[in-house]
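Chain residues, written in single-letter form:
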Amino acid sequence: DAGITQSPRYKITETGRQVTLMCHQTWSHSYMFWYRQDLGHGLRLIYYSAAADITDKGEVPDGYVVSRSKTENFPLTLESATRSQTSVYFCASSGVVGLRETQYFGPGTRLLVL
Amino acid sequence: LAKTTQPISMDSYEGQEVNITCSHNNIATNDYITWYQQFPSQGPRFIIQGYKTKVTNEVASLFIPADRKSSTLSLPRVSLSDTAVYYCLVGLRLNQGGKLIFGQGTELSVKP
């Protein structure tokens, strides 16, 4: 099925553990993004990627690592999870339809760090 | 990046037209204005994008005055299902170095 998927959808981990959140899109969009959304707040950009092997920091990159070896995948790794990283993580990809540029968001991964 | 200011919350009733205004006084010449909608527990969904004047699609209209220092998202005849958070984004297109930064958004509550 075409679209953008995230896995896992829910994750509970402990402080200090490494966690990887997966994101996969089937449109071959060049741009992909990772956002976090804390309860009752807006979305904050963590990292984004303009193409395979090209990544750049967003607003809140500390504590996160990304890679983009293939166009369709954009995994986000928390190298040593902290409680402050408990959040909902959204992956997005961006495409152009006519003159319109838009983002398509995944369903989110709810991460709890104990 | 152009800073955006939106009302934190708005209330409306079913069947009314809702207008949400976003201020972006330092918008740059090449910036576009994009609005997203987010329902609880879901990722945001694109609503509409514009550069100047008026843009209309099947969901909403976007009004942008000549000075482009503000924009207004207009939702005709809202229903309960339009209850959501609405975000105004201002920035360059991605292929021009844009990053798509979200602000706080406007929480719209539609009542019966």
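Up top is the structure these notes are about.
Let us look at the structure shown here. (Residues numbered from 1 in each chain as written. Chains lettered and ligands numbered in written order. Predicted model: local features only at pLDDT ≥ 70, side-chain atom pairs only at ≥ 80, totals over all residues. Heavy atoms only, no water.)

## A look at unusual backbone geometry
With the exception of glycine, the majority of residues adopt a negative phi angle, and the majority of peptide bonds are in the trans configuration. The following threshold applies: Each helix corresponds to a stretch of at least 4 residues labelled H or I by DSSP, and each strand to a stretch of at least 2 residues labelled E; elements are numbered beginning at the N terminus. Each residue is assigned to one of three classes by its accessible area relative to the maximum for its type, calculated with a 1.4 Å probe on protein chains only: buried under 20%, partly exposed between the two thresholds, exposed over 50%.
In this structure, Pro8 of chain A follows Ser7 of chain A across a cis peptide bond, with omega equal to -10°. Here Pro8 of chain A is to be found in the loop between strand S1 (4–7) and strand S2 (10–13). With a phi angle near 65°, Ser28 of chain A is a residue other than glycine that sits in the positive phi range. Note that Ser28 of chain A resides in the loop between strand S3 (19–25) and strand S4 (31–37). Although it is not a glycine, Arg77 of chain B adopts a positive phi angle of roughly 45°. Tracing the chain through its elements places Arg77 of chain B in the loop between strand S7 (70–75) and strand S8 (84–91). Its relative accessible area of 66% is what places Arg77 of chain B among the exposed residues.

## A look at the packing of aromatic side chains
To be explicit about the condition: Centres within 6.5 Å make a pair out of two Phe, Tyr or Trp rings, where for Trp the six-membered ring is used; the pair is then stacked when the planes are under 30 degrees apart, edge-to-face when over 60, and tilted otherwise.
Following the criterion strictly, the structure yields 12 aromatic pairs over all chains and no others. Between Tyr87 of chain B and Phe102 of chain B, the ring centres sit 5.3 Å apart and the planes meet at 85°, which makes this aromatic pair edge-to-face. With Tyr87 of chain B in strand S8 and Phe102 of chain B in the loop between S8 and strand S9 (106–111), the pair connects residues that are 15 residues apart, well separated along the chain. We note that Tyr87 of chain B, like Phe102 of chain B, is buried. Each member of the aromatic cluster is reached from another via a ring pair, and the members are Phe33, Tyr35, Tyr48 and Phe105 of chain A together with Tyr36, Phe46, Tyr87 and Phe102 of chain B.

## Regarding the sheet that holds S7 of chain B
All names here are of chain B. Threshold: In short, DSSP must find at least two bridges between two strands for them to pair. Throughout, an axis means a line fitted to C-alpha atoms (over the contacting stretch in the case of helices), and angles, computed between N-to-C directions, take values from 0 to 180 degrees.
On the basis of which strands lie adjacent, the open sheet formed by four strands has the order S2-S7-S6-S5 and antiparallel pairing. The open sheet terminates on both sides in strands that have one partner only, identified here as strand S2 (18–23) and strand S5 (53–56). The sheet shows a mean angle of 15° between the axes of neighbouring strands, taken without regard to direction. Bridge count for S2 against S7 is six bridges, and the pairing is antiparallel. If you follow Thr21 over to S7, its bridge partner there is Thr72.

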